[in-house]
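Close look at the chain arrangement
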Amino acid sequence: VSSWWNLFGISLFNFALAPTLPSWVNEKAPEVPAFPAIVTSLCVVIVLYTLIGIVGALAYDDWSHGNLFTKFSQSKSPLLQATVNIYPIIQNLTTIPVLSILIKYNL
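Before going into details, it helps to say that this report is about the structure given with it. No experiment lies behind these values; they were computed from the predicted model shown.

Rules used in this analysis
Numbers given for residues are sequential positions, taken from 1 along each chain in its written order. The predicted nature of this model means local features are confined to residues of pLDDT at least 70 and side-chain atom pairs, given and counted, to a pLDDT of 80 or more, with totals for whole chains, interfaces and linings taken over all residues. Each side-chain value is worked out from all heavy atoms of the structure, with water and hydrogens disregarded. Note that patches include only residues with greater than 30% relative accessible area and no salt bridge, and the join distances are 9 Å for like charges and 5 Å for nonpolar side chains (Val, Leu, Ile, Met, Phe, Trp, Tyr). Using the Shrake-Rupley algorithm and a 1.4 Å probe, accessible areas are obtained, with residue cover drawn only from the displayed protein chains. We define a salt bridge as a side-chain nitrogen of Lys or Arg found within 4 Å of a carboxyl oxygen belonging to Asp or Glu. Secondary structure elements are taken from DSSP: a helix is a run of H or I of four residues or more, a strand is a run of E of two residues or more, and numbering for both begins at the N terminus. Geometry of aromatic contacts follows a simple scheme: Phe, Tyr and Trp rings, the Trp one being its six-membered ring, pair when their centres are within 6.5 Å, and the pair is stacked under 30 degrees between planes, edge-to-face over 60, tilted otherwise. Only protein chains enter the accessibility calculation, which uses a 1.4 Å probe. A residue is then buried if its area is under 20% of the maximum for its type, exposed if over 50%, and partly exposed in between.

All right, on to a nonpolar patch on the surface then. A surface patch of nonpolar side chains, about 580 Å² in accessible area, is lined by Val44, Leu48, Tyr49, Ile52, Phe69 and Tyr87. By residue number, the principal contributor to the nonpolar patch is helix H3 (residues 34–58), which donates 4 residues. Tracing the backbone through its elements, the reader meets Tyr87 in helix H5 (residues 78–106).

What follows concerns the packing of aromatic side chains. One pass over the full model with this rule turns up 1 aromatic pair. Ring centres of Phe69 and Tyr87 lie 5.3 Å apart, and the angle between their planes is 50°; this geometry places the pair in the tilted category. Highlighted residues: Phe69 in helix H4 (residues 68–73) and Tyr87 in helix H5, separated in sequence by 18 residues. A relative accessible area of 37% means that Tyr87 is categorised as partly exposed.

Below, the structure written as structure tokens:
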């Protein structure tokens, strides 16, 4: 059971909550309750990440090494190979609004 708590901490830092929460609390509307908003969004993201991971894992038989990205990059499908390159770009583009808010509050 203790290993799940270690995974929980890693997941929270993976979502970059620690540096962004104070700025988000300052930016949110006063009538928005902070705790339910954070818990709901985390639950939705965790469920989506888990479903994507399970479906991706079921698509491959051999899991002796690597992760889903290595399986996609070794695939013969151009679409799967493109997703390996597109995902980091999309991930970085979605952080621009968050980082803009962080910069605004740090000036």
